[in-house]
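In case you want the letters, here they are:
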Amino acid sequence: QVQLVESGGGLVQPGGSLRLSCEASGTISSIIRMSWYRQAPGKQRELVAGFTSGGSTNYADSVKGRFTISRDNGKNTIYLQMNSLKPEDTAVYYCNALASVISRSGSYLYWGQGTQVIVSS
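Cut-offs used in this document
Residues numbered from 1 in each chain as written. Predicted model: local features only at pLDDT ≥ 70, side-chain atom pairs only at ≥ 80, totals over all residues. Heavy atoms only, no water. Salt bridge = Lys/Arg side-chain N within 4 Å of Asp/Glu carboxyl O. Buried < 20%, exposed > 50% of the residue type's maximum accessible area, 1.4 Å probe, protein only. Core = buried A, V, L, I, M, F, W, Y, C linked by side-chain atoms within 4.5 Å. Helix = DSSP H or I, 4+ residues; strand = E, 2+ residues; numbered from the N terminus. Contact = heavy atoms within 4.5 Å. Pairing = 2+ DSSP bridges. Axes fitted to C-alpha atoms, helices over the stretch in contact; angles between N-to-C directions.

Below, the discussion takes up the pattern of salt bridges. Applying the stated rule across the entire model yields 4 salt bridges. For R38, the salt bridge goes to E46, with nearest N and O atoms at 2.7 Å. Looking at R38, the relative accessible area reads 6%, which means it is buried. Judged by its relative accessible area of 35%, E46 falls in the partly exposed class. Across the salt bridge formed by K64 and D61, the nearest N and O atoms sit 3.1 Å from each other.

Written out as structure tokens, the structure is:
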């Protein structure tokens, strides 16, 4: 199985910055792609930023130019640098990974538990 652990959330003032981390661990054979999602109260979970299986990145229009996704393949970790934060960025941020595991065929989607980001003055 794959475990995903997010960290780095917290309370920040509008215009501030936060850096989220997500580390994957477990009996990983390969990670195909990893992404960041968020879910605000009363809203559906939405893609924030992600890596495609080819290694390129994509971003939600609402965060382009403000958020940057990066990764450390050696650590099975992705990051989300969030700058110029706005109150509407307030949400629980989740990472997910499409991965294959040892001794099990196929690839599966795994989710972390989420980390809360609150943007407020």
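Anyway, onward from the coordinates.
Ranked by size, the top nonpolar core spans 31 residues in total, and within it L4, W36, L80, M82 and Y93 carry the most contacts. Elements that contribute at least two residues to this core include exactly β1 (2–7), β3 (18–26), β4 (28–39), β5 (46–51), β7 (67–72), β8 (77–82), β9 (91–101) and β11 (115–119). Here this core takes 6 residues from β9, the largest share from any one element. The contact partners of M82, leaving out residues within four places of it in the chain, are G16, S17, L18, L20, R66, F67, Y93 and V117.

On to the sheet that holds β7. The strand order across the open sheet built from 4 strands is β1-β3-β8-β7, with neighbouring strands paired in antiparallel fashion. Lying at the two open borders of the sheet, with one neighbouring strand each, are β1 and β7. Direction aside, the axes of adjacent strands within the sheet are offset by 15° on average.

Structurally, E23 can be placed in strand β3. Placed 78 residues apart in sequence, E23 and V101 show a C-alpha to C-alpha distance of 16 Å. Those residues within four positions of E23 in sequence are excluded, and the remaining contacts are Q3, L4, V5, K75, N76 and T77.

Turning next to the environment of G112. Counting through the fold element by element, G112 comes out in the loop between β10 (108–111) and β11. As a C-alpha pair, G112 and Y94 span 18 residues in sequence and 5.8 Å in three-dimensional space. The contact partners of G112, leaving out residues within four places of it in the chain, are L4, E6, Y94 and C95.

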